Amino acid sequence: MYIFTKEKYCEKTFINTEEIEELLENTKFPDSEKIRNILRKSLNKEKLSPIEVATLLNANSRELWEEIFDAARKLKEKIYGNRIVLFAPLYIGNECVNDCEYCGFRVSNKKVVRQTLTIEKLKEEIKALVNKGHKRLIVVYGEHPKYSPEFIAKTIDVIYNTKYGNGEIRRVNVNAAPQTIEGYKIIKEVGIGTFQIFQETYHIPTYKKVHPRGPKSNFAWRLYGLDRAMLAGIDDVGIGALFGLYDWKFEVMGLIYHTIHLEERFGVGPHTISFPRIEPAVGTPIAERPPYQVNDEDFKKIVAVLRLAVPYTGLILTAREPVEIRREVLKLGVSQIDAGSSIGVGSYSDKDPELIKKSQFILGDTRTLDEVIYELLQENYIPSFCTACYRAGRTGEHFMEFAIPGFVKRFCTPNALFTLNEYLNDYASEKTYEIGKKVIQKEIEKLSGKQKEAVISGLDKINKGERDVRF
Ligand code: SAM
Ligand code: SF4
């Protein structure tokens, strides 16, 4: 039964705490053969069951974990190749009626300066982002009556309709409070990409403890938030857990059950999964020392197991993480990262040193977009700003990448190269331009026949000044 009223508290959801605890208990100390069989299944691109995921999470030797990491790297390479999609977060407003213990924006935090972008200021932010080369944004809002569906839709509409020079924002994803079905419909109208809601923790007692008041204290309203989005016609939804609030193995299982629920109910799982770790935030003691802090080694395990468990779901890593960790986990299965990010309200166009007081938390990776792209190119990745699938109505593209033979070759690689070429011609530093053109050449060499001709012709059009070339 699905309960959508904000008033009713639903005790029985698809998250069954005892079942998860039992699974994790009963799969302790798995033997190597069991783990290897699961890895074989995953490399065969078959989805894993909850018991198989629990078994992997319980691997208890260094050697077995090395095998799991290797399998995750192979699977990532097999499905996604060397493309990495880039985006930037844009904070629209930090007013909030909730009191999430871990977040700098919570209502009781007096150290944060509250601000909501005016339309004029929003345009300045977009200008700064477009002029750096960004094409994809995630817009972020606190939970506040000011941030109504109409307000959210209006801000997104402004973003889509603000063009600077050769550039514009082509895909806007949203991270905002759960809405009613009617609310989602209003937001969908302006053409959003993914609607993200992180459950934060799937462990109900912990959830209740860290969300003591405000609308977010209703676990079920949030848990079914993306069901309502899908019922409103939003095809791409993103789930996530905030690691550090409760046992990381339990949270991975929660994400898996959430995925299964969406697949069973709507025939398609989440478009993306996010797995942020809690970062320090102004005036927020719990964020300095989270109760279940996840160390770097366990963080790698989270990414590898998710990659193996749901091969066709995009995995998002954010600049919350420091550079060295970002490098490592990219290889294990991440398909999207943000770059050149700034998370203070108004912080792309305004260099106020006090901006930290308008920020939700403190970033681990503060490199510019160009620096990130340069490094990705050095490591033979193709940085991509592709937005073609969603604009051609091919929603759920990760599933297609995985399921339709030749999809990556036909659409993803050319579109990644086209958007990279646009970036190089319009925004890149000299050294990024140089290495980028070489990487494009190398990728062309891997193609053949009509495909090769079509890609060369597309790149040529871009070099002659055409923009937004895509398949
Ligand atoms: N207010 C909306 C909500 O809570 O769903 C959307 C915006 S909220 C700013 C986006 C996400 O930031 C939250 O879902 C949470 O996972 C994450 N977050 C909050 N505090 C954080 C912290 N200290 N470190 C890292 N991520 C944090
Ligand atoms: Fe508000 Fe979201 Fe922060 Fe909670 S996580 S305090 S709802 S902005």
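Note that the structure is a prediction, hence the values are computed from the model and not measured.

A. Structural view of the overall build of the protein chain. Along its length, the protein chain carries 20 helices and eleven strands. Compactness check: the protein chain gives a C-alpha radius of gyration of 21 Å against a globular reference of 23 Å for 471 residues, within 12% of the reference. Its C-alpha atoms put the protein chain at 60 × 55 × 40 Å along the principal axes. Expressed as a percentage of its 471 residues, the buried residues of the protein chain come to 63%. Counting contacts in the protein chain only where the partners sit at least 6 residues apart, residues at least 24 apart contribute 76% of the total. For the protein chain, the accessible area works out to roughly 18700 Å², and carbon and sulfur atoms hold 51% of it. Of the side-chain charges in the protein chain, 69 are positive and 65 negative, and the distance between the mean point of each set is 3 Å.

B. The arrangement of the UniProt feature "domain: Radical SAM core" (unreviewed entry) in the protein chain in detail. Those residues carrying the UniProt feature "domain: Radical SAM core" (unreviewed entry) are residues 80-312 in this numbering. Along residues 80-312 the backbone is 39% helical and 15% strand, and the end-to-end C-alpha distance reaches 9 Å.

C. Region of the structure containing the nonpolar core. Judged by nonpolar contacts, the single largest core of 147 residues is most densely connected at Leu 90, Ile 156, Phe 195, Val 252 and Phe 275. No other element matches helix H4 (residues 62-80), which puts nine residues into this core. Beyond its immediate chain neighbours, meaning those up to four positions away, Phe 195 contacts Val 174, Ala 176, Ala 177, Gln 179, Tyr 184, Ile 187, Leu 226, Ile 234, Asp 236, Val 237 and Gly 238. In terms of nonpolar packing, the next biggest core, distinct from the first, is built from five residues, Cys 389, Phe 407, Val 408 and Phe 411 among them.

D. Representation of the site of ligand 2 within the structure. Around ligand 2, a shell composed of Cys 96, Asn 98, Cys 100, Cys 103, Phe 105, Arg 106, Gly 142 and Lys 216 is seen. Class assignment for the residues of the shell around ligand 2 results in four nonpolar, two polar and two charged.

E. Fine view of the packing of aromatic side chains. Going through the model one piece at a time under the given rule, you end up with 14 aromatic pairs. With 5.8 Å between their ring centres and 80° between their planes, Tyr 91 and Phe 105 make a pair best called edge-to-face. Of this pair, Tyr 91 sits in strand E1 (residues 83-93) while Phe 105 sits in the loop between E1 and helix H5 (119-130); the two residues are 14 residues apart in sequence, bridging distant segments of the chain. Residue classification places Tyr 91 among the buried positions, given a relative accessible area of 4%. Assessed through its relative accessible area of 5%, Phe 105 is described here as buried.

F. Quick look at a negative patch on the surface. Judged by side-chain charge, Glu 18, Glu 19, Glu 21 and Glu 22 come together as a negatively charged surface patch. In this structure, Glu 19 sits in helix H1 (residues 17-26).

G. Inspection of the side chain of Arg 222 at higher detail. Its place among the elements puts Arg 222 in helix H9 (residues 219-223). Ignoring sequence-local partners within four residues, the contact set of Arg 222 consists of Pro 178, Ile 197, Phe 198, Gln 199, Glu 200, Tyr 207 and Lys 216.

H. Looking closely at the pairing of strand E5 (residues 171-175). A large share of E5 lies buried, amounting to five of its five residues. Residues Arg 171, Asn 173 and Asn 175 line one face of E5 and the alternating positions Val 172 and Val 174 line the opposite face, and both faces are buried. The sheet contact formed by strand E2 (residues 136-141) and E5 spans five bridges and is parallel. By the bridge assignment, Ile 138 is partnered in E5 with Asn 173. Pairing of E5 with strand E6 (residues 195-196), which is carried by two bridges, proceeds in the parallel orientation.

I. Structural context of the packing of H4 against helix H13 (residues 296-309). Between H4 and H13, whose axes approach to 9 Å, the crossing angle comes to 50°. Classed by the angle they form, the pair H4 and H13 counts as oblique. Remark: the crossing between H4 and H13 carries left-handed chirality. Two secondary-structure elements touch here, H4 through Arg 62, Trp 65, Ile 68, Phe 69, Ala 71, Ala 72, Leu 75, Lys 76 and Tyr 80 and H13 through Glu 297, Lys 300, Lys 301, Ala 304, Val 305, Arg 307 and Leu 308. Of the residues belonging to the contact of H4 with H13, the class tally is ten nonpolar, no polar and six charged.

J. Region of the structure containing the environment of Thr 387. Within the secondary structure, Thr 387 sits in the loop between strand E11 (382-384) and helix H16 (388-391). By relative accessible area, Thr 387 is classed as buried at 5%. With residues near it in sequence (within four places) discarded, Thr 387 still touches Lys 135, Arg 136, Arg 170 and Arg 171.

K. Expanded view of the domain arrangement of the protein chain. The domain architecture assigned to the protein chain consists of domain 1 (17-76), domain 2 (81-384) and domain 3 (395-463). The C-alpha centroid of domain 3 is placed 27 Å from the C-alpha centroid of domain 2. On the domain 3 side, the residues contacting the 29 residues of domain 2 number 28 residues. Taking both sides of the interface into account, the surface hidden between domain 2 and domain 3 amounts to around 2300 Å²; carbon and sulfur atoms contribute 58%. Of all residues in domain 2, Arg 83, Tyr 312 and Leu 377 bury the most surface against domain 3, accounting for 25% of the area lost on that side. Seen at the junction of domain 2 and domain 3, the total is one salt bridge.

L. Representation of the packing of helix H19 (residues 430-445) against helix H20 (residues 449-463) within the structure. Relative to each other, H19 and H20 sit at 155°, their axes nearing to 10 Å. By the angle between their axes, H19 is roughly antiparallel relative to H20. Taken together, the residues of H20 that come into contact with H19 (itself represented by Lys 437, Ile 440, Ile 444 and Glu 445) are Lys 452, Ile 456, Leu 459 and Asn 463. Split by residue class, the contact of H19 with H20 holds four nonpolar, one polar and three charged.

M. Representation of the side chain of Gln 179 within the structure. Following the sequence through the fold, Gln 179 ends up in the loop between E5 and helix H7 (181-189). For Gln 179, the residues in contact, after removing those within four places along its chain, are Pro 149, Ile 152, Tyr 184, Ile 187, Phe 195, Trp 221 and Arg 228.

Conventions used here
- Residues numbered from 1 in each chain as written.
- Chains lettered and ligands numbered in written order.
- Predicted model: local features only at pLDDT ≥ 70, side-chain atom pairs only at ≥ 80, totals over all residues.
- Heavy atoms only, no water.
- Helix = DSSP H or I, 4+ residues; strand = E, 2+ residues; numbered from the N terminus.
- Rg over C-alpha atoms; globule rule 2.2 N^0.38 Å.
- Buried < 20%, exposed > 50% of the residue type's maximum accessible area, 1.4 Å probe, protein only.
- Contact = heavy atoms within 4.5 Å.
- Areas by Shrake-Rupley, 256 points an atom, 1.4 Å probe, with all protein chains shown as cover.
- Lys, Arg positive; Asp, Glu negative; His and termini not counted.
- Charge placed at Lys NZ, Arg CZ, Asp CG, Glu CD.
- UniProt positions renumbered as here; feature names shortened; annotations may be inferred.
- Core = buried A, V, L, I, M, F, W, Y, C linked by side-chain atoms within 4.5 Å.
- Near = heavy atom within 4 Å.
- Nonpolar A, V, L, I, M, F, W, Y, C, P; charged D, E, K, R; others polar.
- Phe/Tyr/Trp six-rings, centres within 6.5 Å; stacked < 30°, edge-to-face > 60°.
- Patch = residues over 30% accessible without salt bridge, like charges linked within 9 Å, V, L, I, M, F, W, Y side chains within 5 Å.
- Salt bridge = Lys/Arg side-chain N within 4 Å of Asp/Glu carboxyl O.
- Pairing = 2+ DSSP bridges.
- Axes fitted to C-alpha atoms, helices over the stretch in contact; angles between N-to-C directions.
- Parallel < 35°, antiparallel > 145°, perpendicular 65-115°, else oblique.
- Left-handed = near helix turned anticlockwise from the far one by under 90°.
- Domains from an automatic or database assignment.
- Buried area = accessible area lost by both parts, 1.4 Å probe.

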